[in-house]
Amino acid sequence: MITVYDAVGGKLVQRDQMGDLSTSVWIDLVEPKEDEDKFIEQALGIEVPTRSEMREIEASNRFYTENGAYYMSGFILHNSDQEVPMTSVVTFILSGNHLVTVRYASPRAFPIYIARAAKGDIDCVTGAGVMVGLLEMLIEREADLIERVQDEVERMAPLVFGQKSTASTPQSRRLDVLLKTIGKEGDVTARAQESAMSLHRLLLFFANAVRERKDDQRVATRIEAANHDILSLMESMRFLSTRTSFLLDATLGMISNEQNQIIKLFSVMAVMLMPPTLVASIYGMNFKSMPELDMTWGYPMALFMMFAAALIPYLYFKKKGWL
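Quick caveat: nothing in here was measured; it's all calculated off a predicted structure.

Colleague: Help me understand the pattern of salt bridges, please; the structure alone is not making it clear to me.
Modeller: Should their charged atoms come close, side chains of opposite charge can pair. Under the defined criterion, the tally for this structure stands at 11 salt bridges. Arg116 is paired through a salt bridge with Glu140; the nearest N and O atoms lie 3.5 Å apart. With Arg116 in helix 4 (residues 109–118) and Glu140 in helix 5 (residues 127–160), the pair connects residues that are 24 residues apart, well separated along the chain. Arg116 sits in the partly exposed class, given a relative accessible area of 34%. Accessibility expressed as a relative area gives 35% for Glu140, which makes it partly exposed.

Colleague: Any chance you could explain the packing of aromatic side chains here in plain terms?
Modeller: For any two aromatic rings, the description comes down to two numbers: the centre-to-centre distance and the angle of the planes. Evaluation of the coordinates by the stated rule reveals 6 aromatic pairs. Where Phe63 meets Phe205, the ring centres are 5.6 Å apart and the plane angle is 35°; that geometry is what we call tilted. Taken together, the residues Phe63 in strand 4 (residues 63–66) and Phe205 in helix 6 (residues 171–213) connect sequence positions 142 residues apart. Since its relative accessible area comes to 12%, Phe63 is described here as buried. Judged by centre distance (4.7 Å) and plane angle (5°), the rings of Tyr64 and Tyr71 are stacked.

Colleague: In this structure, what is going on with the pairing of strand 7 (residues 98–103)? I would like to understand it.
Modeller: Where a strand is regular, its side chains alternate between the two sheet faces. Here strand 7 lies mainly inside the structure; 6 of its 6 residues are buried. Alternating residues of strand 7 divide into His98, Val100 and Val102 and Leu99, Thr101 and Arg103, and every residue in both groups is buried. In this structure, strand 3 (residues 26–30) lies alongside strand 7, joined through 5 bridges in parallel fashion. Within the sheet, the bridge partner assigned to Ile27 lies in strand 7 and is Val100. Pairing geometry for strand 6 (residues 86–95) and strand 7, over 6 bridges, is antiparallel.

Colleague: What is the right way to read helix 7 (residues 217–282) from this model?
Modeller: In an α-helix, one full turn covers 3.6 residues, which means residues spaced three or four apart are oriented alike. Its 66 residues place the ends of helix 7 97 Å apart at the C-alpha level, agreeing with the 98 Å of an ideal helix rising 1.5 Å per residue. Bending of helix 7 peaks at approximately 30° at the position of Met274, with proline Pro275 no more than four residues after it.

Colleague: For this particular structure, what's the right way to read empty space enclosed by the protein?
Modeller: The gaps left among the atoms become clear once a water-sized probe is rolled over them. The tally for this structure, following the rule as stated, stands at 1 cavity of 30 Å³ or more. Roughly 120 Å³ of internal volume is contained in the largest cavity. Taken together, 14 residues line the largest cavity, and the ones lying closest to its centre are Leu77, His78, Leu138, Arg141 and Glu142. Of the residues forming the lining of the largest cavity, the biggest block, 4 residues, is contributed by helix 5. When grouped by side-chain class, the residues that make up the lining of the largest cavity number 7 nonpolar, 4 polar and 3 charged.

The rules behind the values
- Residues numbered from 1 in each chain as written.
- Predicted model: local features only at pLDDT ≥ 70, side-chain atom pairs only at ≥ 80, totals over all residues.
- Heavy atoms only, no water.
- Salt bridge = Lys/Arg side-chain N within 4 Å of Asp/Glu carboxyl O.
- Helix = DSSP H or I, 4+ residues; strand = E, 2+ residues; numbered from the N terminus.
- Buried < 20%, exposed > 50% of the residue type's maximum accessible area, 1.4 Å probe, protein only.
- Phe/Tyr/Trp six-rings, centres within 6.5 Å; stacked < 30°, edge-to-face > 60°.
- Pairing = 2+ DSSP bridges.
- Expected span 1.5 Å × (residues − 1).
- Bend = angle between axes of the 7 residues up to and from the residue.
- 1 Å grid on protein atoms, 1.4 Å probe; cavity = no way out; pocket = protein on both sides within 12 Å on 5 of 7 lines; lining within 4 Å.
- Points joined across faces, edges and corners; volume = space filled by probe spheres on them.
- Nonpolar A, V, L, I, M, F, W, Y, C, P; charged D, E, K, R; others polar.

This is how it looks when you write it as structure tokens:
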């Protein structure tokens, strides 16, 4: 799908019809088909990368210049409102006063930016201005996601160390839930780090492109501010990743300790029951020469011996603190 936007009166206005693209500011390609790619290529004289080309890992395939157009691809997070956000690649192409975006996802940052630009709240009269506005919105959305993860980690930390617990919830069940939750938040943080590093590299190339193109200095200033924001965000994510790893290790340690306690309890119980079992085994042999079998008090004596044989190890283990 192709959506074309013009800058009218300092506002971003969506076209109803394709028309002449020479006056357009932003052309948004969402899951474009082959014929749509060819139409844009002929209209603007650029090459639109395919989906497989956008996912190339090499920096030379993500950031390059061709026929006067600057190509920049970066990983972005989307569906951040959901439990587990996803990552996708978005390609930005700066050609003259045009910005072309190629994407196969629908991040919330795009419609939010469009709504703001339609009100004239931000500079959107050039392709470079639209691009830096989109990047600012992507960074803002990623910052909101990291704040949510931080709040979740703050909530989980007391639960891991038993500072807050629900009496009705068994400890094993609580630790199992915490392990899954911490693992999920760690995965979200890792995805956010990947996206932040990608955006940082994209901003560096974008800043160089703006200098070479001699765009408005205000765009360069906004790029520098956005780069500072993403660096600060990356620092927060490094701390958050370290803390998540610590909580994950602590949870695994708590689970291991609980399992050791269970094994220790079974071991102690087995030792406690060995003497009574020995007494019961002796008097269960039914030899004719066993005098206690003919005694009136033989049965109570055997019960007392088994009780004492279990009680003495119990008291000993209790004194040692093994129970």
